[in-house]
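Structural characterization, general
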Amino acid sequence: MLVWPNSLLAMIRRLLKNFNREAFFAMSMMAATGFGLAKVIALAVFLPVEGYGFYISAFGMATFLGMLLSLGQIEPTYKVYPKLEAVGRGFEIPHRAQNLMRSLAVRLALCLAIAGLVAFKFEPFGIGLTEVAAVMVLALLFMAQTLMASVIRAIDSERFLPRFTAARGLMALGVTAPVAVLTQNWLLVLQIESLGIVLALLVTAFALHRHSSFASSIDQETLDVKFDDQEQKAGRLIYSSGLIAASIPYGGRSVLLALDGPAMAGAFGVLNALVQVAQLLASALAQKLAPDLLKEAALRGENARVGWIDRFGVSLVLLWGTSIAVLIGTSLSFLWTDGFEFWSSYNITITVLLITALQMAMSAHLFLFFAIVSEDREKDLVFAALSAVLVFYAGLKLSSMFAIGLPGYAASAALASTTHTLYLATCYKRAVATNG
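Not measured: the values here are computed from a predicted model.

Here is what the cut-offs are and how they apply
Residues numbered from 1 in each chain as written. Predicted model: local features only at pLDDT ≥ 70, side-chain atom pairs only at ≥ 80, totals over all residues. Heavy atoms only, no water. Helix = DSSP H or I, 4+ residues; strand = E, 2+ residues; numbered from the N terminus. Buried < 20%, exposed > 50% of the residue type's maximum accessible area, 1.4 Å probe, protein only. Contact = heavy atoms within 4.5 Å. Areas by Shrake-Rupley, 256 points an atom, 1.4 Å probe, with all protein chains shown as cover. Axes fitted to C-alpha atoms, helices over the stretch in contact; angles between N-to-C directions. Parallel < 35°, antiparallel > 145°, perpendicular 65-115°, else oblique. Nonpolar A, V, L, I, M, F, W, Y, C, P; charged D, E, K, R; others polar. Core = buried A, V, L, I, M, F, W, Y, C linked by side-chain atoms within 4.5 Å. pLDDT = per-residue confidence, 0-100. Salt bridge = Lys/Arg side-chain N within 4 Å of Asp/Glu carboxyl O. Phe/Tyr/Trp six-rings, centres within 6.5 Å; stacked < 30°, edge-to-face > 60°. Patch = residues over 30% accessible without salt bridge, like charges linked within 9 Å, V, L, I, M, F, W, Y side chains within 5 Å.

A count of helices and strands for the protein gives 14 helices and zero strands. N-terminal to C-terminal, the α/β element order of the protein is α-α-α-α-α-α-α-α-α-α-α-α-α-α. Put simply, the protein has 436 residues, and 52% of those count as buried. Taking the intrachain contacts of the protein between residues at least 6 apart in sequence as the baseline, contacts between residues at least 24 apart amount to 82%. For the protein, the computed accessible surface area is about 20500 Å², with 68% contributed by carbon and sulfur atoms.

Bringing the packing of helix α12 (residues 367–374) against helix α13 (residues 378–401) into the picture now. Their axes nearest at 7 Å, the elements α12 and α13 cross at an angle of 140 degrees. With respect to each other, α12 and α13 are oriented oblique. Where α12 approaches α13, its residues Phe-369, Ile-372 and Val-373 are matched on the opposing element by Glu-378, Asp-380 and Leu-381. Within the contact of α12 with α13, the residues separate by chemical class into four nonpolar, no polar and two charged.

It is worth spelling out unusual backbone geometry at this point. One non-glycine residue with positive phi stands out, namely Asn-347, at about 60 degrees. Mapped onto the elements of the fold, Asn-347 is located in the loop between α10 (337–345) and α11 (350–361). If you check the backbone angles, Ala-403 has positive phi at about 55 degrees while not being a glycine. Position of Ala-403 relative to the elements: it lies in the loop between α13 and α14 (406–435). Taking the relative accessible area as the measure of exposure, Ala-403 reaches 67% and is therefore exposed.

What follows is about the nonpolar core. In terms of nonpolar packing, the biggest core is built from 108 residues, with Tyr-52, Tyr-55, Tyr-81, Ile-348 and Phe-367 touching the most fellow members. The residues contacting Phe-367, other than those within four sequence positions of it, are Ala-282, Leu-285, Ala-286, Leu-289, Leu-293, Phe-312, Ser-315, Leu-316 and Leu-319.

A word on the side chain of Ser-417. Take Ser-417: it is sitting in helix α14. Residue classification places Ser-417 among the buried positions, given a relative accessible area of 10%. In this view, Ser-417 contacts Gln-359, Met-362 and His-365; residues no more than four positions away in its chain are not counted.

Here we take up the confidence of the model for the protein. In this model, the protein carries an average pLDDT of 77, and 75% of its residues clear a pLDDT of 70 or more. Here helix α1 (residues 6–46) stands out as the element of the protein with the lowest mean pLDDT, 62, in contrast to α11, whose mean of 94 is the highest. When the criterion is pLDDT under 50, residues 1–6 qualifies, and its contacts beyond four places in sequence or with other chains add up to one contact. Scored below 50 in pLDDT, residues 219–223 shows eight contacts in the model against residues more than four places distant or in partner chains.

Let's shift gears to the pattern of salt bridges. Going through the model one piece at a time under the given rule, you end up with two salt bridges. Salt-bridge contacts for Glu-193 lead to Lys-39; the nearest nitrogen and oxygen are separated by 2.6 Å. Placement of Glu-193 in helix α6 (residues 186–208) and of Lys-39 in helix α1 is noted, with a sequence separation of 154 residues between them. For Glu-193, a relative accessible area of 2% puts it in the buried group. When its relative accessible area of 7% is taken as the criterion, Lys-39 is described as buried.

The next subject is the packing of aromatic side chains. Aromatic ring pairs are defined here through the distance separating the ring centres and the angle between the ring planes. One pass over the full model with this rule turns up 12 aromatic pairs. Arranged with centres 5.5 Å apart and planes meeting at 65 degrees, the rings of Phe-342 and Tyr-346 form a pair that is edge-to-face. Exposure class is identical for Phe-342 and Tyr-346. Each is buried. Between the aromatic rings of Phe-392 and Tyr-393, the centroid separation amounts to 4.9 Å while the plane-to-plane angle is 75 degrees, which identifies the pairing as edge-to-face. Residue classification places Phe-392 among the buried residues on the basis of a relative accessible area of 0%. Chaining the aromatic ring pairs together yields one cluster made of Tyr-52, Tyr-55, Phe-59, Phe-142, Phe-334, Phe-340, Phe-342, Trp-343 and Tyr-346.

A surface patch of nonpolar side chains, about 470 Å² in accessible area, is lined by Ile-41, Val-45, Phe-46, Val-181 and Leu-182. Of all elements in the fold, only α1 and α5 (129–183) reach the threshold of two or more residues within the nonpolar patch. Per-element tally for the nonpolar patch: the top contributor is α1, with three residues. One can find Val-181 in helix α5.

Shown next, in the form of structure tokens:
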């Protein structure tokens, strides 16, 4: 008879105890992110292959600009807003967020004026004022989304985060899919998507308006919204790491567009949409883990630490289970004629999907983001991102040199994610051992 060690049985019992609550939250988030996935799939189906390639490249550029032009002002809110909520000063959060958003809007308006003038005068690469304006507006809205998520994470992520994600995905799907079918115009789809995001932000802001944390009044003119030096330094490091890491999905599309044309960029975008399912789930679970990780780090005592399996076990099971489920579902779709034709139009094979499933599983590095932040080791985020980027672009170069094609590009992304995860896991293990 097989005898299980007591420690293993105890670990399994602890995992099962935490599973129901984590699984319910995960399922809520997956249902919400399903609208976003449906949008990406619908646009990949309804738009011409080249049109989808241009759309996904412009979308990636808007996302990247949204990160770049924030200049590290949003990232300190990851720590500051939860602290304000914890000490009973949550009523300051909406006022701080409004002031910050105004500053970001002014900055982006100046950049739009400069870029628009250049595009109007020279139209580099055939890009005119209309295209530049569409990308810039979308970049501003992505900033607003990031800031809104920071507010939600601080006050009540378990209740509001699925709603916010669902509203964002549903609005985007509802406005873009019909436009794609009727017009086949990627630029118009990009423009109408901005409207969907605005509607989602307004719905969420209305829902948060009456939250108990925001009940107290405050004199906004006397409100000190500046971050201290330590918070600013941490924010700059988080900003730098995020910007570096973002060059993989978003910069990668532009590189592939230059190397192999819009069809290859579109195929990479389709694969990245599958990866985003795992990343959104991992990000949501990570935000749920964040308060406990920060509390543990603050206590710094031997009894304050929770084992790796207890802390991350359920989240890893959910992430890896989702990755396997997506792999099985997409592979089975090859048996359906329309499904086979869809994947074939992008030259995506089951082998490529298997590689992509590995990249999905390696989205575990997002769990370790707040773990590293809780240990005040934000510089490790930068080094991890740099390592991943070097691996990714070296892989793209080799794949292009040896004409490996899409399998090589997908493998480059998967290996980069693996490098990212292993690097952060090693850093966190070392930090915990050092800090006790």
